[in-house]
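# Notes for the structure review
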Amino acid sequence: FTLLRSLPDAQRNVALISAEAYGDILTRNNRVAKIEKMEGLAFAEMGKPQQKLLLELLQTYLNNYPATLAKQQLRHWQETDLAALRFAWAGDTT
């Protein structure tokens, strides 16, 4: 909730894609994730404090990977385009 609550109202409205949490992972268990519509708030549109929180969230996710793969994935995002990252929220905001 920290990142979501740190956003100004206008940005929170962009990040909030559904008032209800989804019942399942949107991309299912396919090897290649296919998302039809890019929703949420772009990294480039966030303030520096929110960007820092999103990177911390990404690192938390990557900590579930084997260490070598986590480092590769983080390096990939840092070397390519962090601006392409998006933060989207579905579910309760309280």
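The structure we're discussing is the one just above.
About the criteria used
Residues numbered from 1 in each chain as written. Predicted model: local features only at pLDDT ≥ 70, side-chain atom pairs only at ≥ 80, totals over all residues. Heavy atoms only, no water. Helix = DSSP H or I, 4+ residues; strand = E, 2+ residues; numbered from the N terminus. Buried < 20%, exposed > 50% of the residue type's maximum accessible area, 1.4 Å probe, protein only. Contact = heavy atoms within 4.5 Å. Axes fitted to C-alpha atoms, helices over the stretch in contact; angles between N-to-C directions. Parallel < 35°, antiparallel > 145°, perpendicular 65-115°, else oblique. Left-handed = near helix turned anticlockwise from the far one by under 90°. Nonpolar A, V, L, I, M, F, W, Y, C, P; charged D, E, K, R; others polar. Polar contact = N/O pair within 3.5 Å; in protein donor to acceptor, adjacent residues only side chain to side chain. Salt bridge = Lys/Arg side-chain N within 4 Å of Asp/Glu carboxyl O.

## Remarks on the side chain of Gln51
- Structurally, the position occupied by Gln51 is in helix 3 (residues 48-62).
- On the accessibility criterion, Gln51 (12% relative accessible area) is buried.
- Apart from residues lying up to four places away in sequence, Gln51 is in contact with Phe43, Ala44 and Met46.

## Topic: the packing of helix 3 against helix 4 (residues 67-79)
- Orientation of helix 3 relative to helix 4, taken along the N-to-C sense of each, is 150°, at an axis distance of 10 Å. Classified by the angle between their axes, helix 3 and helix 4 sit roughly antiparallel to one another. Judged by the twist between their axes, the crossing of helix 3 over helix 4 is right-handed. Note on element contacts: helix 4 touches helix 3 through Ala70, Gln73, Leu74 and Trp77, opposite Leu58, Gln59 and Leu62.
- Considering only residue class, the contact of helix 3 with helix 4 consists of 5 nonpolar, 2 polar and no charged.

## Some thoughts on the side chain of Ser18
- Examined against the element boundaries, Ser18 turns out to sit in strand 1 (residues 16-18).
- Of note is the side chain of Ser18, whose polar atom sits 2.8 Å from the backbone oxygen of Glu20.
- If sequence neighbours within four positions are ignored, Ser18 has contacts with Trp89, Ala90 and Gly91.

## Focus on the pattern of salt bridges
- In total, this model carries 2 salt bridges according to the counting rule given.
- A salt bridge links Asp9 to Arg12; its shortest N-O distance comes to 2.7 Å. Remark: Arg12 and Asp9 occur in helix 2 (residues 9-15); sequence separation between them is 3 residues, near one turn of the helix.
- The closest approach of N and O atoms between Glu56 and Lys52, which form a salt bridge, is 2.7 Å. On the criterion of helical spacing, the pair formed by Glu56 and Lys52 is a turn pair, its members being 4 residues apart in helix 3.
- The partly exposed category is assigned to Glu56, whose relative accessible area is 37%.
- The exposed category is assigned to Lys52, whose relative accessible area is 52%.

On their own, these measurements won't tell you what the molecule is for.
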